[in-house]
Each structure stands twice: as C-alpha cells, then as structure tokens.
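Structural overview for review
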Amino acid sequence: MSDGATTGKGVPVRLDKVSFSYGEAPLTFDVAFAAGEITAIMGPSGSGKSTLLNLVAGFETPRSGRVLIGGIDVGADPPAARAVSMVFQENNLFAHLSVEQNVGLGRSPSLRLTEGDRAAIAEALERTGLGGKDKRLPRELSGGERQRVALARVLVRDRPVLLLDEPFASLGPALRDDMLDLVAGVHAERGMTVLFVTHQPQDARRIGQNVVFLDDGAVAATGSADDFFVGGGPEAFRRYIGAGAGNAVSRDIARKRT
C-alpha cells in the first residue's frame, strides 16, 4: 500500500504497458513522466487523455499493466491512498459548504480540523487570492474563483503529483492565463510532478516543460515542449495544432514573458 499522505517534491509517474478499453475501443499507454516537471497531455478528442489521468488517480482500473507512482505499483490502492491530487474541469465543490470548508476537505473528509489545519487553509486561500472569502458559498464566486478554491484544496493536500483535467477550459483567455501562471507559481514553490490535459497549444507552451501526444488510443510521441512547438513533434501533432501554429504560439509566449 502506498502512503497517501506522502508530501514533498514531485515523484516520477509511469504507466507500464497499461491497457484499458471502453467497449470496443482499446487504449494502450506506455509512458513515463519526469519527477518535478510539468507535462502537457494533448491529442484529439477520444484519444484517451482524461482516461490516462483517471488511471493514474485510480478512478479507472487497467485491464493489464502497472501504474507506478514514485516507483511503487499503486494498482491495488484506492484514489484516496495515492500520492495524487486532481482538479477537474468541473471543480467538484460542494454547494452547501463554504470556501473554507470546501478547502478543508483536502485535510479531513469529516471536516474535523485542527488549528494546524485551519492555519494551512488560511495560507492556501491567501496564496490563491481568496483571502477574506472563506465564508462564501460557491454560488457567490466567479468561475475563476471556484477553480481557485479547487487549487487551494490541492495545496492543503500537499501531494507530490498534481493532475489537471482541463480545469480552465471554460475560462476566458486572460483569466485562463492567470490560472496557468498560478499553477506555474505553485509548481516553482513545491516542485510537484504536474500532468495536465489541454486542447490549447498556448496553455501547453505557457507552462509545459514536456509534451505527451496521444493519438488513436496510444502514446504517439513524447518530448520537450520546445521541440514540439518548433516543428519537432510528429506529423499528427502538427496537423492537430494546425500548420505554423507551434511557432506562432512560441512567439506569443515569448512576447508575454518579456
């Protein structure tokens, strides 16, 4: 059994010849994710991006193969026991709980919080720009603020692996950039291993260090984000993002960073 309370720097993640299927659609993943780095997972709809994250998190069970987190086979571990936090496109907040309580679930599912827990929650809310909003209900927040609550819950869980399943897809470009920068800032502080699914080349280029490209239910290519976006990715990837888009994205990100 892995230690679900593991904290600290990121750890490597590997899907070792993992197979899974939805009906007649087989999926096969054989891929490693470097410890402490941000990897963008991209590919056409139906290529298996969310399924890959769910296999790592434990929400899906492989037919064969192993899921390794920190070198440990976690195949028998339920999601709560894995050294993983996950943020979904829908932020999974409880409507009847306050911001503070929703974040507190990351420390205690029963919300039996110690003073240390409450201090960690307050710190996470400040870090995510939610200071002073701890008593509000989710319906009183904007979409971006609700996603910040989900990120604050990740901070108090303090797991070495963070999975992001298009959590900012419904946000406008400027707000999405703010949230990506927040993720990058948290990563710089904590060094977690981050796997994030996105359809947006700009998002992958903005914070991604590596890219894993899925196509037709398998890993088609892996490599550095720099290589992928200056023409080093596979032909299927170039078709996916559109001709010339990689260089355009790189120039756009370079302008924003100067």
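Anything mentioned here points back to the structure above.
Structure report, in brief. These numbers were taken from a predicted model, which means no experiment stands behind them.

Cut-offs applied
- Residues numbered from 1 in each chain as written.
- Predicted model: local features only at pLDDT ≥ 70, side-chain atom pairs only at ≥ 80, totals over all residues.
- Heavy atoms only, no water.
- Helix = DSSP H or I, 4+ residues; strand = E, 2+ residues; numbered from the N terminus.
- Buried < 20%, exposed > 50% of the residue type's maximum accessible area, 1.4 Å probe, protein only.
- Contact = heavy atoms within 4.5 Å.
- Areas by Shrake-Rupley, 256 points an atom, 1.4 Å probe, with all protein chains shown as cover.
- Polar contact = N/O pair within 3.5 Å; in protein donor to acceptor, adjacent residues only side chain to side chain.
- Core = buried A, V, L, I, M, F, W, Y, C linked by side-chain atoms within 4.5 Å.
- 1 Å grid on protein atoms, 1.4 Å probe; cavity = no way out; pocket = protein on both sides within 12 Å on 5 of 7 lines; lining within 4 Å.
- Points joined across faces, edges and corners; volume = space filled by probe spheres on them.
- Nonpolar A, V, L, I, M, F, W, Y, C, P; charged D, E, K, R; others polar.
- Phe/Tyr/Trp six-rings, centres within 6.5 Å; stacked < 30°, edge-to-face > 60°.

1. Considerations on the overall build of the protein chain
Tallying secondary structure elements over the protein chain gives nine helices and ten strands in all. Per-residue burial over the protein chain gives 51% buried out of 258 residues. Contacts spanning at least 24 positions in sequence make up 69% of the contacts within the protein chain whose residues lie at least 6 apart. Split by element, the accessible area of the protein chain, about 11,600 Å² in all, is 49% carbon and sulfur.

2. With respect to the side chain of Thr198
Among the secondary structure elements, Thr198 is positioned in the loop between strand E8 (193–197) and helix H6 (201–207). Side-chain polar atoms of Thr198 contact the backbone nitrogen of Gln200, separated by 2.9 Å. Those residues in contact with Thr198 that sit more than four places away from it in its chain are Ala40, Ile41, Met42, Glu166, Asp203, Ala204 and Tyr240.

3. Re the nonpolar core
Membership of the largest hydrophobic core comes to 44 residues, with the highest contact counts inside it found for Phe229 and Phe237. Here this core gets seven residues from one element, more than from any other, and that element is helix H4 (residues 143–157).

4. What to know about the environment of Thr28
Among the secondary structure elements, Thr28 is positioned in strand E2 (residues 25–33). Judged by its relative accessible area of 43%, Thr28 is partly exposed. As for Thr28 and Ala218, which are separated by 190 residues in sequence, their C-alpha atoms are 5.1 Å apart. Residues within four places of Thr28 in sequence aside, it is in contact with Val18, Ser19, Gly217, Ala218 and Val219.

5. Looking at empty space enclosed by the protein
According to the stated counting rule, one finds two cavities of 30 Å³ or more in the structure shown. Approximately 50 Å³ is the volume found for the largest cavity. Along the walls of the largest cavity sit Ser85, Val154, Leu155, Asp158, Arg159, Val161, Leu162, Val186, Arg190 and Met192, which together make up its complete lining. Looking at the second largest cavity, the residues that line it are Leu151, Val154, Leu155, Leu162, Leu182, Val183, Val186 and Met192. Taken together, the elements giving at least two residues each to the lining of the second largest cavity come down to H4 and helix H5 (173–190). Here the residues of the lining of the second largest cavity are counted per class, giving eight nonpolar, no polar and no charged.

6. Side note on unusual backbone geometry
The phi torsion at Leu111 lies on the positive side, around 60°, for a residue other than glycine. In this structure, Leu111 sits in the loop between helix H2 (99–104) and helix H3 (115–127). Residue Leu111 is classed as partly exposed on the basis of its relative accessible area, which comes to 23%. Look at Asp216: it is not a glycine, yet its phi comes out positive at around 55°. By relative accessible area, which is 73% here, Asp216 ends up exposed.

7. Topic: the packing of aromatic side chains
What the rule picks out here adds up to five aromatic pairs. Measuring from centroid to centroid gives 6.0 Å for Phe59 and Phe88, while their planes differ by 45°, and the two rings are tilted. Here Phe59, found in the loop between helix H1 (49–57) and strand E4 (64–69), pairs with Phe88, found in the loop between strand E6 (84–87) and H2; they are 29 residues apart in sequence, far enough to count as distant. Since its relative accessible area comes to 43%, Phe59 is described here as partly exposed.

8. Here we look at the layout of surface pockets
By volume, the largest pocket amounts to about 520 Å³. Residue lining of the largest pocket: 21 residues in total, with Phe59, Val84, Met86, Arg153 and Arg157 positioned closest to the centre. Elements that contribute at least two residues to the lining of the largest pocket include exactly E6 and H4. Of the residues that constitute the lining of the largest pocket, the class distribution is 13 nonpolar, five polar and three charged. Roughly 160 Å³ of volume is contained in the second largest pocket. Forming the boundary of the second largest pocket are Arg107, Ala120, Glu123, Ala124, Arg127, Leu155, Val156, Asp158, Glu189 and Arg190. When contributions to the lining of the second largest pocket are tallied by element, the ones reaching two or more residues are H3, H4 and H5. Here the lining of the second largest pocket gets four residues from one element, more than from any other, and that element is H3. Split into classes, the residues belonging to the lining of the second largest pocket amount to four nonpolar, no polar and six charged.

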